[in-house]
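Each chain, written out:
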Amino acid sequence: FGTRESLIQQFNIDVRAVQPILFTMLEHMHTGLQGPSHSMLMIPTFTDVPSKPVNGLYLALDFGGTNFRCLLLNIKHNEILDSWSDSRKIDPQIPTSKELMSVLGGFIQDFLHLHEKELTPRPDILYTGYTFSFPTEQTSLNSGTLVHWTKEFITKGCVGEDPVKQLQEELNKRNLDWVKIIAMCNDTVGTLCTRRLTDPSVEIGVILGTGSNASYREKISNIKKLDPKAIYSSDHMLINMEWGSFSGMPQNEFDKIIFEKTKEHSSQPFEKQISGRYLPMMAREALRKAILTGCVFNGLWGDGSTLSDEEKSPFSDIHREMWDEKHRLRGEEMEEIIWDESEKKEKVEEILRQLWCKSNPRLKLREGVTLQLSDLSLVQQLFKAILTRSARLSAIAVSAVVIHIVKGFIEEAKEKGRSETDYLAKHPKITAAIDGSLFTHNRGYKEEMARSVELCLDSVKGYCLTSSSSSSSSATPSSSTETSVSFSFPSIIPEVVLEATNDGSGIGAAVIVAANS
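Just so it is clear, the structure is predicted and the values come from calculations on it, not from any experiment.

K.L.:
Can you break down the overall build of the chain residue by residue, with the values?
P.N.:
Within the chain one finds 15 helices and 15 strands. When the 517 residues of the chain are sorted by exposure, 53% land in the buried category. Accessible area of the chain: about 22800 Å², with a carbon and sulfur share of 49%.

K.L.:
Give me the nonpolar core: which residues, what numbers.
P.N.:
Nonpolar side chains in soluble globular proteins tend to end up buried together. In terms of nonpolar packing, the biggest core is built from 93 residues, with Tyr216, Met241, Trp243, Phe297, Phe383 and Met449 touching the most fellow members. For this core, the element with the most residues is helix H11 (residues 373-415), which contributes 22 residues. Listed in part, the 32 residues of the second largest apolar core include Phe107, Tyr130, Val164 and Ile181.

K.L.:
Let's hear about the side chain of glutamine 19: which residues, and what values?
P.N.:
Here glutamine 19 lies in helix H2 (residues 19-34). Glutamine 19 sits in the buried class, given a relative accessible area of 9%. Setting aside anything within four residues of it in sequence, one finds glutamine 19 in contact with Ser459, Val460, Tyr463, Leu465 and Phe489.

K.L.:
I'd love a proper account of the pattern of salt bridges, names of residues and values included.
P.N.:
Following the criterion strictly, the structure yields 23 salt bridges and no others. The salt bridge involving lysine 461 is made with aspartate 458; its shortest N-O contact spans 3.2 Å. Linked through salt bridges whose partners overlap, the residues forming this network are Lys261, Arg284, Glu285 and Arg288.

K.L.:
Help me get a handle on helix H8 (residues 279-292), residues and values and all.
P.N.:
The terminal C-alpha atoms of H8, which comprises 14 residues, lie 20 Å apart, in line with the 20 Å expected from a rise of 1.5 Å per residue. For H8, the tally of buried residues reaches twelve of 14 residues, placing the bulk of the element in the interior. Downstream of H8 by a residue or two, glycine 294 has a phi angle that is positive, lying close to 80°.

K.L.:
Could you give me a rundown of the sheet that holds strand E15 (residues 495-500), with the residues and numbers involved?
P.N.:
Overall, mixed pairing links the six strands, which are arranged E1-E11-E10-E9-E12-E15 in an open sheet. This sheet does not close on itself; its edge strands, each paired only once, are strand E1 (43-44) and E15. Where strand E9 (residues 202-208) meets strand E12 (residues 429-435), five bridges bridge the pair, whose relative direction is parallel. Note on E12: the bridge partner recorded for isoleucine 207 is aspartate 435.

K.L.:
Tell me about helix H6 (residues 253-261), and please be specific about residues and values.
P.N.:
Listing the buried residues of H6 in full gives Phe254, Asp255, Ile258 and Phe259. Along the axis of H6, the buried residues cluster in a sector spanning 145°; they form a single face. Capping the start of H6, asparagine 252 holds a side-chain oxygen 2.9 Å from the backbone nitrogen of phenylalanine 254, two or three residues further along.

K.L.:
Tell me about the sheet that holds strand E5 (residues 126-132), and please be specific about residues and values.
P.N.:
The strand order E4-E3-E2-E5-E8 describes an open sheet built from five strands, whose pairing is mixed. Each edge of the open sheet carries a strand with a single partner, namely strand E4 (79-89) and strand E8 (179-185). For this sheet the average axis-to-axis angle between neighbouring strands, irrespective of direction, equals 20°. Direction of pairing for strand E2 (residues 56-63) relative to E5: parallel, over a ladder of five bridges. Bridge pairing in E5 places aspartate 62 opposite threonine 131.

K.L.:
Report on the packing of aromatic side chains, specifying residues and quantitative values.
P.N.:
With the rule as written, the count across this model stands at 18 aromatic pairs. Between phenylalanine 46 and tyrosine 232, the aromatic rings sit 6.5 Å apart at their centres with planes inclined by 45°, giving tilted as the arrangement. Separated by 186 residues along the polypeptide, phenylalanine 46 in the loop between E1 and E2 and tyrosine 232 in the loop between strand E10 (212-219) and strand E11 (236-240) bring together distant segments of the chain. On the basis of relative accessibility, which here comes to 22%, the residue phenylalanine 46 falls in the partly exposed class. Relative accessible area serves as the criterion here: at 26%, tyrosine 232 is assigned to the partly exposed category. Between the aromatic rings of phenylalanine 132 and tryptophan 149, the centroid separation amounts to 6.3 Å while the plane-to-plane angle is 55°, which identifies the pairing as tilted. On the criterion of sequence distance, the pair formed by phenylalanine 132 in strand E5 and tryptophan 149 in the loop between strand E7 (143-146) and helix H4 (163-173) is long-range, its members being 17 residues apart. What makes phenylalanine 132 buried here is its relative accessible area of 5%. Each residue in the set Phe63, Phe68, Phe107, Tyr130, Phe132, Phe134, Trp149 and Phe153 is aromatic and connected to the rest through ring pairs, giving one cluster. Across the ring face of phenylalanine 487, the terminal group of lysine 407 is positioned such that the distance to the ring centre comes to 4.6 Å.

K.L.:
Now, about the packing of H6 against H8: what can you tell me, with residues and values included?
P.N.:
The relative placement of two packed helices is expressed as an angle between their axes plus a distance between the axes. One way to put it is that H6 packs onto H8 with a least axis distance of 10 Å and a crossing angle of 120°. In terms of orientation, H6 lies oblique with respect to H8. Seen from above, H6 lies across H8 with right-handed handedness. Facing Glu253, Phe254, Asp255, Ile257, Ile258 and Lys261 of H6, the residues of H8 in contact are Met281, Met282, Glu285, Ala286, Arg288 and Lys289.

K.L.:
Lay out the packing of helix H9 (residues 331-338) against H11 with the relevant residues and their values.
P.N.:
Interhelical geometry of H9 versus H11 gives an angle of 120° and a closest axis separation of 8 Å. As H9 packs across H11, the resulting crossing turns out to be left-handed. Taking contact as the criterion, the partners of Met334, Ile337 and Ile338 in H9 are, on H11, Val379, Gln380, Phe383, Lys384, Ile386 and Leu387. In terms of residue class, the contact of H9 with H11 is made up of seven nonpolar, one polar and one charged.

Cut-offs used in this document
Residues numbered from 1 in each chain as written. Predicted model: local features only at pLDDT ≥ 70, side-chain atom pairs only at ≥ 80, totals over all residues. Heavy atoms only, no water. Helix = DSSP H or I, 4+ residues; strand = E, 2+ residues; numbered from the N terminus. Buried < 20%, exposed > 50% of the residue type's maximum accessible area, 1.4 Å probe, protein only. Areas by Shrake-Rupley, 256 points an atom, 1.4 Å probe, with all protein chains shown as cover. Core = buried A, V, L, I, M, F, W, Y, C linked by side-chain atoms within 4.5 Å. Contact = heavy atoms within 4.5 Å. Salt bridge = Lys/Arg side-chain N within 4 Å of Asp/Glu carboxyl O. Expected span 1.5 Å × (residues − 1). Pairing = 2+ DSSP bridges. Arc of directions from axis to C-beta. Polar contact = N/O pair within 3.5 Å; in protein donor to acceptor, adjacent residues only side chain to side chain. Axes fitted to C-alpha atoms, helices over the stretch in contact; angles between N-to-C directions. Phe/Tyr/Trp six-rings, centres within 6.5 Å; stacked < 30°, edge-to-face > 60°. Lys NZ or Arg CZ within 6 Å of the ring centre and 35° of its normal. Parallel < 35°, antiparallel > 145°, perpendicular 65-115°, else oblique. Left-handed = near helix turned anticlockwise from the far one by under 90°. Nonpolar A, V, L, I, M, F, W, Y, C, P; charged D, E, K, R; others polar.

Next up, the structure:
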């Protein structure tokens with residue numbers, strides 16, 4: 001690790017050599033569709049994309065983690081004629097479900113009172129969609145069970161309970177029983193449905209923001225864990241993948257540090273490798289290691305002789321929580337460092353000096369010391385490598401979903417007696433609708449991700465992967481039998497387009513309500 005090159009190399013990944021990773025992710029998808037899974041949950045959502053024009057006045061509630069939003073939408077022929085919205089911060093440390101529901105219910109009540117004019121005459125029923133972006137095992141369109149919190153939430157009394165029921169009961173207590181939550185979705189499903197209104201090629205919805213997840217359209221006959229006797233209005237259903245829990249991506253030492261220092265150590269490993277909540281933490285840890293090993297800023301400190309090596313790091317967390325808002329490196333600062341194009345990297349130095357002071361006031365640079373341009377450049381390269389890896393890992397995951405969808409298209413064509421290339425006439429391109437600040441606000445992220453998807457898919461066209469696995473009938477190694485598993489990637493893959501989709505998580509809830517009311 002000691003050299004500068006090996007530090008950055010830890011975040012390098014070649015998207016043209018990831019066939020085994022794609023195969024593993026496809027296997028985990030298949031397993032999740034069969035039944036309970038310890039990897040991706042592959043949750044049925046009990047809805048498909050809208051198949052009729054959307055019209056009416058709808059309320060959308062969006063609880064995605066850091067914010068809770070209310071949106072009142074007037075939609076006519078798939079177009080939003082009027083919209084009104086407001087949001088508030090939500091503290092992930094709220095201790096009980098009673099307190100959390102009181103906060104949400106009170107905000108909804110205030111919002112409806114503020115927009116009383118738009119709701120006059122008051123409807124008998126205000127059809128409402130609830131975007132709840134936490135892992136929830138849905139049992140119907142408007143019911144389910146919260147599996148576990150993510151995004152560092154700790155609120156007790158919610159896990160194992162129905163989020164729709166809890167919020168509806170709070171609304172009823174406030175004499176808002178005319179507000180009926182008839183659909184629950186997560187932000188990826190909402191994003192997919194929002195974009196699908198105007199683009200029939202959309203098959204995938206992705207969130208790349210504070211957290212990360214994806215959804216896609218699946219043929220109902222492939223979802224083996226559904227009740228085989230149940231009758232559905234469509235032959236397809238949207239699947240909430242919960243891909244943040246995928247554990248098959250390559251991991252480096254900094255991934256393991258992040259896993260260890262977050263509240264649920266083994267939870268959401270993929271999300272912690274790529275999402276906006278965790279990338280600044282990874283940058284901080286990588287820089288801390290670079291400083292402690294002498295890769296950068298070596299021997300710059302003055303009266304810090306009484307400090308330990310750990311304390312001499314501007315990102316030491318010995319005496320504070322990792323998520324301390326006051327001292328942490330923020331995503332905006334990380335982006336500013338990456339895109340400082342000045343000759344002397346003034347912005348990089350300014351941000352680093354500010355972080356030094358915030359992190360350890362006892363630590364002082366020697367008077368008149370200027371940080372070396374080579375060190376500042378390395379910090380910039382390191383942070384960029386971390387962000388680039390996020391885009392490439394996200395591209396690998398999207399590529400796996402595309403391959404799964406294409407395999408389904410080919411099977412469908414064969415069932416109808418057509419050649420496997422005929423599906424291209426019906427599906428000349430596949431669009432992934434993507435929302436989230438990581439994708440939309442970071443310069444170059446979309447371009448790197450799109451380029452990586454293209455390279456990844458080009459590298460697997462027609463590729464045949466053979467992997468070996470062993471099974472044993474007893475405890476002795478000699479009784480093991482080795483089996484060979486062969487997987488052929490599609491030889492023809494349509495164009496894949498990544499499209500930014502703003503506010504899919506909010507508007508999508510209303511779209512799903514409209515499609516099912």
